[in-house]
Amino acid sequence: MIRKHDDTPVRSMEETISGWMVLIGLASMLLTAVLVSVMFTRTLGDQLVQDLGRQTQVLASALELSGGGAAELAEMTAGGDVRATLLDEQDNVLYDSQGDDLDNHGDRPEVIQARAEGTGSSRRTSSTFGVNTYYYAMLLEDGRVLRLAAESSELHALYDQAVPAIALALIGVLFFAVAASLLLTRRLVRPIEQMGRDLDDLTAHVPYRELKPFARALEQDRRALREGEQMRQEFTANVSHELKTPLTSISGYAELIENGIAQPADIPVFAGRIRTEAGQLLTLIRDILELSRLDQPMADPQFEPVDLQQVTQSCAKAQALNARKAYVTLSCEGSSQMVRGSRQLLDELCQNLCDNAIRYNRPGGSVVLRTGRGDRGAYLEVEDTGIGIAPEHQLRVFERFYRVDKSRSKATGGTGLGLAIVKHCALLHGGSVELHSHPGQGTRIRVWLPPMV
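Criteria and thresholds
Residues numbered from 1 in each chain as written. Predicted model: local features only at pLDDT ≥ 70, side-chain atom pairs only at ≥ 80, totals over all residues. Heavy atoms only, no water. Helix = DSSP H or I, 4+ residues; strand = E, 2+ residues; numbered from the N terminus. Buried < 20%, exposed > 50% of the residue type's maximum accessible area, 1.4 Å probe, protein only. Contact = heavy atoms within 4.5 Å. Polar contact = N/O pair within 3.5 Å; in protein donor to acceptor, adjacent residues only side chain to side chain. Salt bridge = Lys/Arg side-chain N within 4 Å of Asp/Glu carboxyl O. Pairing = 2+ DSSP bridges. Axes fitted to C-alpha atoms, helices over the stretch in contact; angles between N-to-C directions.

Caption draft 1: The overall build of the chain, seen in detail. Across its full length, the chain carries eleven helices and 14 strands. Counting all 453 residues of the chain, 35% fall into the buried class. Partitioning the intrachain contacts of the chain with sequence separation of at least 6 by distance along the chain shows that 60% fall at a separation of at least 24.

Caption draft 2: Representation of the environment of Arg-83 in the model. Considering the arrangement of structural elements, one finds Arg-83 in strand 3 (residues 83-87). Considering only alpha carbons, one finds Arg-83 and Ser-97, 14 residues apart in sequence, at a separation of 5.6 Å. At 2.8 Å, the side chain of Arg-83 forms a polar contact with the side chain of Asp-96.

Caption draft 3: Representation of the pattern of salt bridges within the structure. This structure, assessed with the given rule, holds 15 salt bridges. A salt bridge links Glu-110 to Arg-147, with the nearest nitrogen and oxygen atoms 2.8 Å apart. You can see Glu-110 sitting in helix 3 (residues 109-117) and its partner Arg-147 sitting in strand 7 (residues 145-151), a full 37 residues away along the chain. Look at Arg-147 and you get buried, because its relative accessible area is 1%. Its salt-bridge partner being Glu-333, residue Arg-370 comes within 3.1 Å of it at the nearest N-O pair. Here the residue Arg-370 occupies a position in strand 11 (residues 366-374), and Glu-333 occupies one in strand 9 (residues 329-334), the gap between them amounting to 37 residues. Its relative accessible area of 17% is what places Arg-370 among the buried residues. Residue Glu-333 is classed as partly exposed on the basis of its relative accessible area, which comes to 38%. Within the structure, one salt-bridge network assembled from shared partners comprises Glu-333, Arg-370, Glu-381, Glu-383, Arg-444 and Arg-446.

Caption draft 4: Summary view of the sheet that holds strand 4 (residues 93-96). Taken in spatial order, the five strands make up an open sheet running 4-3-7-6-5, and their pairing is antiparallel. Two strands lie at the open edges of the sheet, namely strand 4 and strand 5 (119-125), each paired on one side alone. Across the sheet, the axes of successive neighbouring strands diverge by a mean angle of 20°, strand direction being ignored. Direction of pairing for strand 3 relative to strand 7: antiparallel, over a ladder of five bridges.

Caption draft 5: View of the sheet that holds strand 12 (residues 377-384). With respect to topology, five strands assemble into an open sheet ordered 9-11-12-14-13, the strand pairing being mixed. Unpaired on one side and paired on the other, strand 9 and strand 13 (432-438) mark the two borders of the sheet. When the angles between neighbouring strand axes are averaged without regard to direction, this sheet yields 15°. Contacts from helix 7 (residues 308-325) reach strand 9, strand 11, strand 12 and strand 14 (442-449), with the element oriented near 175° to strand 9. Relative to strand 13, helix 11 (residues 418-428) is tilted by about 145°, and along the sheet it contacts strand 13 and strand 14.

Caption draft 6: A look at unusual backbone geometry. Positive phi outside glycine occurs at Asp-91, with the angle close to 65°. Turning to its location among the elements, Asp-91 is positioned in the loop between strand 3 and strand 4. One non-glycine residue, Tyr-327, adopts positive backbone phi at about 55°. Inspection of the secondary structure assignment puts Tyr-327 in the loop between helix 7 and strand 9. Tyr-327 sits in the exposed class, given a relative accessible area of 62%.

Caption draft 7: Representation of the side chain of Arg-446 within the structure. Within the element layout of this structure, Arg-446 appears in strand 14. Arg-446 sits in the buried class, given a relative accessible area of 16%. A distance of 2.6 Å separates polar atoms of two side chains, one belonging to Arg-446 and the other to Glu-381. The contacts of Arg-446, once residues within four sequence positions are left out, are Tyr-379, Leu-380, Glu-381, Ser-432, Val-433 and Glu-434.

Have a look at this one:
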């Protein structure tokens, strides 16, 4: 027995296979015993009838040669194990070695068959003696019928003699089956156990092809776990670094003010820098908490009909001030597009895209928020005329804390988490993100979402 993490006992594979094989062996043995008994009984019965037939033939020949009757038959069968009966032409009993004053036997099956075919046989419970008896009858040349009978007790005696040998054979087969099942099970399970001990190269040591899909799935899970662990370590290191930088700056300015080193004229400047760093710190913490919330599985997301055009218009109003400060023109285009989703998450998605488009733009540039429908469903798109993204960075910009231009990102207050939040929001809605960018020309990011039916 082995135990799960919740201490629930679980049978091992080896025990399960061995148990089933032993049960199958027992069932097979019992079935074999029944079949052997039936076949043995039938074979012995047939053999007994054949023996009766040979004895009847011998006695009939002797009677016909001697011309004898009941007295001669009695002498011939004296001390024998079989019952002999002689019938006249009307099937009345002339002689019976085990009874007197017996009824007419003309209705007996073996007698009827003998008069029709020359010989006849049957098996039934004797109405005279109440035991299971085999009969064989033969028609003599003078019209009389000679019949011999043997009780099944003789058959049982032969069967009883064979039972010990049969039982010993079956017990031997059972022990052999149990030993073979244990050996076979160990040989089946040992390669699987070995595969479990060699997890570093699992797919290269699969003993049975039926286990290959399982091994591949397990290898993928292990790879995903390693990648997840690596991502968590990188995330922890990045968070520590991102938090340390503003906190170090805040601590430095505060120490200058506390120790009186800062000139009175510099104190408002230092206080402003502390406020700026604290603001960036709060923004970073907010984005980290938002990503953590998005990472949690949503058991029953409360989705509702949402118009993407309203989302872009609301975003444009919220970002209007930031756009003016950056000397960037902000506009909306497109038509009403209804999707099922979370208005809060879609607003956050649009705000992050628009914020990035303004932050990495240039004075006099433009940002267009656009909605529409294409071959992949409804879409929300943000296009800018900013600095663009080089091809080697385009596949990684949706990673957490990844920045194409770290100095510019720091200067503009970026956390490196905005596009990661965009990707998570899209995936939660069953959508996808598409990026097109050219350095020096601008960037277009389109989020595809399933339309409302």
